There are 2 protein chains.
Amino acid sequence: MAVDRDQVLRSAAALLTRKATSTMDEVARAAGISRATLHRHFAGRDALVRALEALGIAECEAALEAARADEGPAADAVRRLVRAIEPSAGLLAFLYTENQLFEGEEQNRGWARIDAGLTELFRRGQESGEFRIDLTPVWLTEALYGLLASGAWAVAEGRVARNDFTHMIAELLLGGALRREEP
Amino acid sequence: MAVDRDQVLRSAAALLTRKATSTMDEVARAAGISRATLHRHFAGRDALVRALEALGIAECEAALEAARADEGPAADAVRRLVRAIEPSAGLLAFLYTENQLFEGEEQNRGWARIDAGLTELFRRGQESGEFRIDLTPVWLTEALYGLLASGAWAVAEGRVARNDFTHMIAELLLGGALRREEP
DNA sequence: CCTGGGTGAGACATTGCTGTCTCATTCGGG
DNA sequence: CCCGAATGAGACAGCAATGTCTCACCCAGG
């Protein structure tokens, strides 16, 4: 027995990614447990979302770590980062939109740290001359979130191949749609 | 009296953009009318969302028209389009996330036409050699939606200046974060 | 001055989800 | 084998939002 809390969280993330308004009952069924048991592990929907938020933050920080965002050319760091964060993109998309509902509420301190890490990466790229300076690091960070969410949904609906996810996001973010002049 | 239906729709759009889970009562108050009157004009929340969807579609088509998406260099057309669509970005963001909930449901035919128009624009840019061919037109369309939503939220939360909206989105989408080689 | 359409305020039942509780069952360890 | 912890199933009340209805009001046009 002893329900695997982490596995419950992951199936909840997968379900809520597809349907953000899923019921506690649906979440429980998706995890293969009863609503009562789900309630024993997460006091309520709110607690569940908080736990998912913590999971998302942990995965983002792990990705930031694994991608060694502060090493080497910033562009390569961005590519590594997108690759590392891909498995979490669905969860991120859910949390990203969910956060739009918290209105004034102060955001979790974890997000602030991740935002800072990303912003720093883009700032570093600007200082090294790799990135253009007319797009602010804050905007590039927001754009990355938006592209991750778009990408996750596009993949979920079959409009983009899963294998292309990393390439599509990283290359659009870095190079844009315009064709580069031949080097 | 005769409540101005269009004005109600616009205030609803503005409110739901900020808080997607707003109550019918909140929507009514935001429009300065009573819930009863709101109900007389829109049979229910569902009907309201449908009407907002129709409004969003109409504004998108108008923007697509006004931007003359099929004329001149594709890159310039994209810039005109982003500029023309900016006032609707908040509504678009709301509808974009709302649509994630409709799961299987067949999407409105209007969106299909707009998607087709955008995809065609990007395809045209590829054929003319302006746009790179490793990013599919479908993905560029999705990315545009995602960036519009990100941009709208970032502006709403004060992370990006409203005046920069068009530039940030269009230039990131077209040119990406990397600095161009000096021409 | 009337009259009627449009409105606001509020009551009401309904619905769907939530949170809590109970009870029977099951499974694993001692 | 036996016991206890964890679970599943279901009942139950509470709650928030919805949709419907009534009634009084106001104001513009006849």
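Basis of the calculations
Once a new chain begins, its residue numbering starts again from 1 and follows that chain's sequence as written. Labels are handed out in written order, letters beginning with A for the chains and numbers beginning with 1 for the ligands. In keeping with the predicted nature of the model, local features appear solely for residues at pLDDT of at least 70, side-chain atom pairs appear and are counted solely at 80 or more, and the whole-chain, interface and lining totals rest on all residues. Side-chain metrics in this entry use all non-hydrogen atoms of the structure; hydrogen atoms and water are not considered. What sets the superposition is a least-squares fit of C-alpha atoms, and only residues with pLDDT of at least 70 in both copies go into it. Residue contacts follow a heavy-atom distance rule, with two residues in contact if any of their heavy atoms lie within 4.5 Å. Throughout, the edges of the domains are those of an automatic or database domain assignment. Once two parts are brought into contact, the accessible area they lose, counted with a 1.4 Å probe and summed over both, makes up the buried area. What makes a salt bridge here is a side-chain nitrogen of Lys or Arg within 4 Å of a carboxyl oxygen of Asp or Glu, nothing more. Whenever a nitrogen or oxygen atom comes within 3.5 Å of another N or O atom, the pair is scored as a polar contact, on the condition that within protein one atom can donate a hydrogen and the other can accept it, and that pairs from neighbouring residues in sequence are kept only if both atoms are in side chains. It suffices for a single heavy atom of a residue to lie within 4 Å of a molecule or strand for the residue to be listed as near it. In this description a helix means any DSSP run of H or I spanning at least four residues, a strand means any run of E spanning at least two, and both kinds are numbered starting from the N terminus. The length a helix should cover is 1.5 Å for every residue beyond the first. Partly exposed residues are those whose accessible area sits between 20% and 50% of the maximum for their type, while under 20% is buried and over 50% is exposed, using a 1.4 Å probe and protein chains only. Angular values range over 0 to 180 degrees, each being the angle between N-to-C directions of two axes fitted as lines to C-alpha atoms, with helices fitted over their stretch in contact. Roughly parallel means an angle under 35 degrees; roughly antiparallel means over 145; roughly perpendicular covers 65 to 115; every other angle is labelled oblique. Lys, Arg, Asp and Glu make up the charged group, whereas Ala, Val, Leu, Ile, Met, Phe, Trp, Tyr, Cys and Pro make up the nonpolar group; the residues left over, Gly among them, are polar.

Its rotation angle being 180°, the transformation that places chain B on chain A also includes 0.0 Å of axial translation and leaves an RMSD of 0.1 Å. The superposition operator between the copies reduces to a two-fold rotation axis. Across chain B, the rotation axis passes nearest the C-alpha of Gly176 of chain B, at a separation of 1.8 Å. Most of the interface of chain B is mirrored in chain A, where 100% of its interface residues again form contacts.

A few words on the domain arrangement of chain A. It is common to report an interface's size as the accessible area lost on association of the parts. Residues and elements named next belong to chain A. Assigned domains of chain A: these are domain 1 (1-42) and domain 2 (49-175). Of the residues lining the interface, nine residues belong to domain 1; the matching set on domain 2 comes to eight residues. Carbon and sulfur atoms supply 74% of the area that domain 1 and domain 2 bury against each other, a total of about 730 Å² over both sides. When residues of domain 1 are sorted by the area they lose upon contact with domain 2, Leu9, Leu16 and Thr17 head the list and together hold 55% of the total. Joining domain 1 to domain 2, the criterion identifies one salt bridge. Note that Arg10 and Glu59 form a salt bridge whose closest N and O atoms lie 2.8 Å from each other. Counting across the interface, domain 1 meets domain 2 through two residue pairs in polar contact (both at pLDDT 80 or more).

In the vicinity of DNA strand D, 18 residues are found, and the nearest of them are Val3 and Thr37 of chain A together with Thr23, Met24 and Arg35 of chain B. Near-protein atoms of DNA strand D (within 4 Å) split between backbone and bases, with sugar and phosphate holding 61%. Between DNA strand D and Arg40 of chain A, the relevant distance is 3.1 Å, taken from a base oxygen to a side-chain nitrogen or oxygen of the residue. Examining the composition of the surface near DNA strand D, we find that five residues originate from one element, helix α3 (residues 35-41) of chain A, more than from any other.

What follows deals with helix α4 (residues 45-66) of chain B. Residue and element names in this part refer to chain B. With 22 residues, α4 ought to run about 32 Å at 1.5 Å a step, and its terminal C-alpha atoms sit 31 Å apart, in line with that. Taken together, the buried positions of α4 are Leu48, Val49, Ala51, Leu52, Glu53, Leu55, Gly56, Ile57, Glu59, Cys60, Ala63 and Leu64. Check the buried side of α4 and you find it contacts α1 (5-18), α2 (24-31), α5 (74-85), α6 (89-99) and α7 (109-127). Immediately downstream of α4, the backbone of Arg68 shows phi near 45°, a positive value.

Another aspect to go through is the pattern of salt bridges. A full pass over the atoms with the stated rule returns 30 salt bridges over all chains. Put simply, Glu26 of chain A and Lys19 of chain A hold a salt bridge, and the shortest N to O gap is 3.3 Å. Among the charged side chains, a salt-bridge network with shared partners connects Asp76, Arg79 and Glu171 of chain A together with Arg132 and Asp134 of chain B.

It is worth spelling out the environment of Asp6 of chain A at this point. Residue and element names in this part refer to chain A. Checked against the element boundaries, Asp6 lands in helix α1 (residues 5-18). We classify Asp6 as partly exposed; its relative accessible area is 35%. Once the C-alpha coordinates of Asp6 and Thr17 are considered, the two residues, 11 residues apart in sequence, prove to be 16 Å apart.

A few words on unusual backbone geometry. The backbone of Arg68 of chain A shows a phi angle near 45°, a positive value even though the residue is not glycine. Tracing the chain through its elements places Arg68 of chain A in the loop between α4 (45-66) and α5 (74-85).

What follows covers the packing of α5 of chain B against α7 of chain B. Residue and element names in this part refer to chain B. Running from amino to carboxyl end, α5 crosses α7 at an angle of 150°, the nearest separation of the two axes being 9 Å. Considering their axes alone, α5 and α7 lie roughly antiparallel with respect to each other. Here Ala74, Ala77, Val78 and Leu81 of α5 lie close against α7, whose contacting residues are Leu118, Leu121, Phe122, Arg124 and Gly125.

Each partner contributes residues to the interface: chain B has 45 residues there, and chain A has 45 residues. Taken together, both faces of the contact between chain B and chain A bury some 4,500 Å²; the carbon and sulfur share is 61%. For the salt bridge of Arg132 of chain B with Glu171 of chain A, the shortest nitrogen-to-oxygen distance reads 3.8 Å. Run the count over chain B and chain A and you get 27 residue pairs in polar contact (both at pLDDT 80 or more). Residue assignment for the side of chain B that touches chain A shows that the elements contributing at least two residues are α6, α8 (137-156) and α9 (165-175) of chain B. Among the elements that make up the side of chain B that touches chain A, the one with the highest residue count is α8 of chain B (11 residues). In terms of residue class, the side of chain B that touches chain A is made up of 21 nonpolar, 11 polar and 13 charged.

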